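The primary structure of each chain is shown beneath.
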Amino acid sequence: MVRGSPPLALILTSAILGGCVDVYQPMTGLHRPIAIDIGYTNFADLDLRVRCRASAAMDASQAGELCRRVARLFENQGARVEVLRDGAPPIDDAEEAAAEGETPKAPRAALSIEIAGREIRRDTTTIIPWAWEHTSDYTIAQDISIRDESGFLLAADTFVFRFVSRIGFFSDAEEQFSADFYGQLSQLALNAKVRRRVLAEGQARPGSG
Amino acid sequence: MSHRSMSYVMPDAINGAIGGAMSYVIRHVAAVACLMLLALPVARAQTAEQAQRAELEELRRVVAGEVQLAAYDLVDELVYRWNQSPPFGEPTPVIIADLTVPVGMGTGLAALVENHLAKLLIDNPQSNVQLSACPSCTAMLVHSGREGTVVSRGLDNPKALDKVGGPGGRHGLYLDLAAEGAWLVLRARITKLTPDLPIVYSQTIASPVGAPSLLRSSQGLKSAAEARDEYLDALEDRGPYTIPVKFAVRTYAAADEFGFPPAPVIWLQTGFEAALTQARRWKADIVLGYAWLPDAYQGFMIQSRMARLLGQTRSLTGPDVYLVLGAALMTVDGVAVAQLADLGQSNNDGTVSTRGTFAGLHLGLEMRVANRVGATVFLENMPAFNDSDRIGDFVDPFGIEFHSFGAEVSFCF
Amino acid sequence: MEFWIYVLLFSLPSLVEYARDPVAGPLAPDLMAGAGEALRGLDCEAISHVTARERYPGRVTAPPPRGDLLDRQAVVCRARLMPPGVRRARDEAILGDLRRSSEEMAGLVAGLADPLRERTWLVEVYYPDPQVAAKVQFATKNALLEQGVRVTDRAPTLAAGDVEVLGRIDPQRAWPLACTRYVATDSLGAGDALMGVALRDRRATILNVGYCADGDWRWLR
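Everything numeric here is computed off the predicted structure, so don't read it as measured data.

Enquirer: Hey, could you go over the pattern of salt bridges for me, with residue numbers and the actual values?
Expert: A complete count under the given rule lists 42 salt bridges over all chains for this structure. The partner of D176(B) in a salt bridge is K135(C), with the nearest N and O atoms 2.4 Å apart. Of the two residues, D176(B) sits in strand 5 (residues 171-180) while K135(C) sits in helix 7 (residues 130-146), which places them in two different chains. Each member of the pair, D176(B) as well as K135(C), carries the same accessibility label: buried. Between E104(C) and R100(C) there is a salt bridge, and its shortest N-O distance comes to 2.4 Å. Note that E104(C) and R100(C) are positioned in helix 5 (residues 98-110) at a spacing of four residues, about one turn of the helix. On the basis of relative accessibility, which here comes to 44%, the residue R100(C) falls in the partly exposed class.

See below:
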């Protein structure tokens, strides 16, 4: 990461005309290439449960907001999505159907996605003690796991990213992060769906050709 | 496509104009103009596409250039491992069956790597892998048998190969270079060219991007660790200590009152030099010197210096320049250097002594090549001769009189 | 006034260091262009300053002996060999992770019970791009050999009619059918087994693995 320095005039102009903007740095996983196009109905035959765990990196309201957005992401791709409250136990399909007195329907793929954030580093500057703190640099890891109906782990990944405040004119950091995050999440879910289907084929034909 | 459609329309328009029907011409000219306007974005798109393709090709070329040395390193390592643990018990002919490069790169790199491998194998017979040519192995063969007609490379169908006088149980070497994230990976396997095509040897070696190339010599191939030690030796020039031998000449300025200067004194010096940091940015030496010219002078001296590299790093191939600051204590005796004598001293026989003992502080620049040969120029102030009427000065910046100008050549051992 | 001069002098070393941060520092070059593009070709890892000093001696500076105003961390980045855009996204995703994924796939076969594991294994890869398929095949064979499995370069063959039929049906049925035909045509003998690696969905960036032995096809992953 060796670079040259810009002309002094540019720095001064930036300092005068610019403000504090965020820079997004995908560190691990988020900038991996994806083959899926999230504009298509990739999950038309999928029931999805999403749970976002609150942590130091993400409080309960942020976790809720993230889950709502993830639900929208998969709904847009044709999935039927249920957002699980953080802390709720996993629900078994058969038990749920029996409780509601329903007869089991044709099997649809059902996946559970769990998103948990971990804070790796946070740099804060106290501008006014006990009143105003500015976070200038933070690095977050998001652990994603996708399981099938039986709880079998189909796919797991960790996305690490960093946001840094610096002087600049404009920032598309949030858009870039969103595009990366939603793209990777969709790719991971699709990979999990394919793996589930293949495993189901393996189980459906035990020992047969 | 846009050019073709224009060339089809234009003759019609001209024909129309010759026919004299103006409206016809105008209509056609308008049509042509419209077509040209419509064609513009297409042409622009084509140009952009061409530019993008050219940019991609350029990018591929740059990456291939960067990958080449890393690929050589991996092939060196492979042959080194064969030297240490040969895949065959005795020299065995092997055909290069296939050599593939990372997806997205041209085949030029494959040819370079193949040549490098061939050179290595010729220089390292102890690997027991002998390169062998087999034109029928890589040729396409058409073979009709019980299972039908099969079209394949000779290597992939040993039965058919046998019938055209193939290698008969020789071995095929397959090499694959792959760019995997930040790693360049070399995979090798050796297959016995019998109908069963068993793989008898495999190896996977990876190297991260940015690791400096070891540039191993193909003869007497060394391990990566040994090559790195050698590289560090080169950087450190085989230890921090050296013994310099110097030939120095000091000339002195004439004082206005005296008219002529003392004779230049030629010194032979030797001593001990140490690098104070591993990168040799700082170094120091201490030397003893002797000067003698029959019937002219004789002298002894002790001198110590500190030197600082100008620049951040030493060059392995070009000269380096050091700023030098030193002090010397000299004693000289002789008629040729009588101006340097201590005043008021007599010899035992009552004659006036020509021996002078004095100190000097010098500042100069030293050019050193590969820590083997050096040349230095310096200016020296001798405090005992400040404001002297026997010795003048060459320059006196900031009131410091530099009475002596010296030059020396040094050889380090 | 003197107070502020002292503050400036004390914080100057830290400010100079901060200015050189390639992402955050005001001297980072791409103020106008957006730093994102340059950073996307790098895989990075945040590690502690102490770990960085251990791993990269000479390249990570030691903290000042009289303490440090900054809470330092090191971000170690490696540039990807192939710049973004040179290869197709799916190919890049598959190839970028090939060492790990081939070892994992080979591990599934190496972990099979003994009579199967001891057979001679053929490897067949289905992937839309033949160049990538060849890479995957090479890596898988090497990974199998490294795990002590016997492997051959022989490729299973089918009659032209079989190939035509298999090309028309979906992969779910094609692999088991091909397996039956390999055994029926003696392309796969009693001591042989076939490891099949396939991209089952063109939108996926994972490869699926199955095996064929004695005319039975099983998906392992």
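Enquirer: Can you tell me about the state of the cysteines, naming the residues and giving the values?
Expert: With the rule as written, the count across this model stands at three disulfides over all chains. Between the sulfur atoms of C52(A) and its disulfide mate C67(A) the distance is 2.2 Å. Residues C52(A) and C67(A) are joined by a disulfide whose S-S torsion is about 105 degrees; by sign, that bridge is right-handed. Taken together, the positions of C52(A) in strand 2 (residues 46-53) and C67(A) in helix 2 (residues 60-76) put the pair 15 residues apart, joining distant regions of the chain. For the pair C52(A) and C67(A), one class covers both residues: buried. There is a disulfide in this structure between C179(C) and C212(C), and the S-S distance comes to 2.1 Å. On the sign convention where negative means left-handed, the S-S torsion of about 85 degrees between C179(C) and C212(C) marks this disulfide as right-handed. Of this pair, C179(C) sits in helix 9 (residues 171-184) while C212(C) is found in strand 6 (residues 208-213), placing the two residues 33 residues apart along the sequence. In this pair, the class of C179(C) matches that of C212(C), namely buried. Take the cysteines of chain C that form disulfides and number them in order along the sequence; they join up as 1-2, 3-4.

Enquirer: Residue-level account of the interface of chain C and chain B, with values.
Expert: Residue-level contacts link 27 residues of chain C with 38 residues of chain B. Summed over both sides, the interface of chain C with chain B buries roughly 2,900 Å², with 59% coming from carbon and sulfur. Broken down residue by residue, the surface that chain C buries against chain B is led by L81(C), R99(C) and F138(C), which jointly contribute 25%. Connecting chain C to chain B are two salt bridges. As a salt-bridge pair, D153(C) and R189(B) come within 2.9 Å of each other at their nearest N and O atoms. Our count for the contact surface shared by chain C and chain B stands at 17 residue pairs in polar contact (both at pLDDT 80 or more). Of all elements in the fold, only strand 2 (73-79), helix 4 (89-96), helix 5 and helix 7 of chain C reach the threshold of two or more residues within the side of chain C that touches chain B. Considering every element that reaches the side of chain C that touches chain B, the biggest residue donor is helix 7 of chain C, with nine residues.

Enquirer: Mind laying out the sheet that holds strand 2 (residues 129-131) of chain B, listing which residues take part and the relevant values?
Expert: Pairing is mixed across the open sheet formed by five strands, whose spatial order is 2-1-5-6-7 (chain B). Since the sheet does not close on itself, it has two edges, and those belong to strand 2 and strand 7 (199-208) of chain B, each with one partner. Along the sheet, successive strands turn relative to each other by an average axial angle of 30 degrees, direction set aside. Of the strand pairs in this sheet, strand 1 (residues 92-100) of chain B and strand 2 of chain B are connected by three bridges, and their pairing is parallel. Of the residues in strand 2 of chain B, the one forming a bridge with T92(B) is V129(B). Across the sheet, helix 5 of chain C touches strand 5, strand 6 (183-192) and strand 7 of chain B, and the angle it forms with strand 6 of chain B is around 45 degrees.

Enquirer: Before we move on, can you summarise the packing of aromatic side chains with the specific residues and values?
Expert: Residues and elements named next belong to chain A. Counted according to the given criterion, the structure contains 18 aromatic pairs over all chains. Here Y138 and F163 contribute two aromatic rings whose centre-to-centre distance is 5.8 Å and whose plane-to-plane angle is 25 degrees, an arrangement assigned as stacked. Highlighted residues: Y138 in strand 5 (residues 132-147) and F163 in strand 6 (residues 153-168), separated in sequence by 25 residues. Note on Y138: relative accessible area 25%, which makes it partly exposed. For F163, a relative accessible area of 7% translates into the label buried. Linked through ring pairs, Y24, Y138, F159, F161, F163, F177, F181 and Y182 together constitute an aromatic cluster. Directly above the ring of Y138 sits R122, whose terminal nitrogen or CZ lies 5.2 Å from the centroid.

Enquirer: Got a sec to walk through a negative patch on the surface? Specific residues and values, please.
Expert: Residue and element names in this part refer to chain B. Together, D256, E257, D389, D393 and D396 line one region of the surface with negative charge. Residue position: D396 is located in the loop between strand 15 (373-381) and strand 16 (404-412). By relative accessible area, D396 is classed as partly exposed at 45%.

Enquirer: Just give me the short version of unusual backbone geometry, but keep the residues and values in it.
Expert: Backbone geometry places D387(B), a non-glycine residue, at a positive phi of 55 degrees. Of note, D387(B) is situated in the loop between strand 15 and strand 16. Judged by relative accessible area, D387(B) falls into the exposed class, the value being 71%. You will see that D186(C), though not glycine, has its phi angle at about 65 degrees, which is positive. Take D186(C): it is sitting in the loop between helix 9 and strand 5 (192-198). The exposed category is assigned to D186(C), whose relative accessible area is 62%.

Enquirer: Go over the nonpolar core with me, naming the residues and quoting the values.
Expert: V70(A), F74(A), I115(A), I144(A), I146(A) and F181(A) are the most contacted members of the largest nonpolar core, which has 58 residues in total. Residue contributions to this core peak at 12 residues, all from helix 4 (residues 173-204) of chain A. The contacts of I144(A), once residues within four sequence positions are left out, are I113(A), E114(A), I115(A), A155(A), A156(A), D157(A), F159(A), F181(A), L185(A) and L188(A). By size, the runner-up hydrophobic cluster in this structure holds 36 residues, among which are A71(B), Y80(B), V94(B) and A188(B).

Enquirer: Outline empty space enclosed by the protein, listing residues and values.
Expert: All names here are of chain B. For the structure on display, the rule yields two cavities of 30 Å³ or more. The computed volume of the largest cavity comes to approximately 60 Å³. Together, K246, E273, K283, A284, D285, R305, M306, A307, V324, E366 and R368 line the largest cavity. Those elements giving two or more residues to the lining of the largest cavity turn out to be strand 11 (282-293), strand 12 (297-309) and strand 14 (355-369). For the lining of the largest cavity, a count of residues per class yields four nonpolar, no polar and seven charged.

Criteria and thresholds
Residues numbered from 1 in each chain as written. Chains lettered and ligands numbered in written order. Predicted model: local features only at pLDDT ≥ 70, side-chain atom pairs only at ≥ 80, totals over all residues. Heavy atoms only, no water. Salt bridge = Lys/Arg side-chain N within 4 Å of Asp/Glu carboxyl O. Helix = DSSP H or I, 4+ residues; strand = E, 2+ residues; numbered from the N terminus. Buried < 20%, exposed > 50% of the residue type's maximum accessible area, 1.4 Å probe, protein only. Disulfide = S-S within 2.5 Å. Contact = heavy atoms within 4.5 Å. Buried area = accessible area lost by both parts, 1.4 Å probe. Polar contact = N/O pair within 3.5 Å; in protein donor to acceptor, adjacent residues only side chain to side chain. Pairing = 2+ DSSP bridges. Axes fitted to C-alpha atoms, helices over the stretch in contact; angles between N-to-C directions. Phe/Tyr/Trp six-rings, centres within 6.5 Å; stacked < 30°, edge-to-face > 60°. Lys NZ or Arg CZ within 6 Å of the ring centre and 35° of its normal. Patch = residues over 30% accessible without salt bridge, like charges linked within 9 Å, V, L, I, M, F, W, Y side chains within 5 Å. Areas by Shrake-Rupley, 256 points an atom, 1.4 Å probe, with all protein chains shown as cover. Lys, Arg positive; Asp, Glu negative; His and termini not counted. Charge placed at Lys NZ, Arg CZ, Asp CG, Glu CD. Core = buried A, V, L, I, M, F, W, Y, C linked by side-chain atoms within 4.5 Å. 1 Å grid on protein atoms, 1.4 Å probe; cavity = no way out; pocket = protein on both sides within 12 Å on 5 of 7 lines; lining within 4 Å. Points joined across faces, edges and corners; volume = space filled by probe spheres on them. Nonpolar A, V, L, I, M, F, W, Y, C, P; charged D, E, K, R; others polar.

Purely geometric stuff here, so don't read any function into it on its own.
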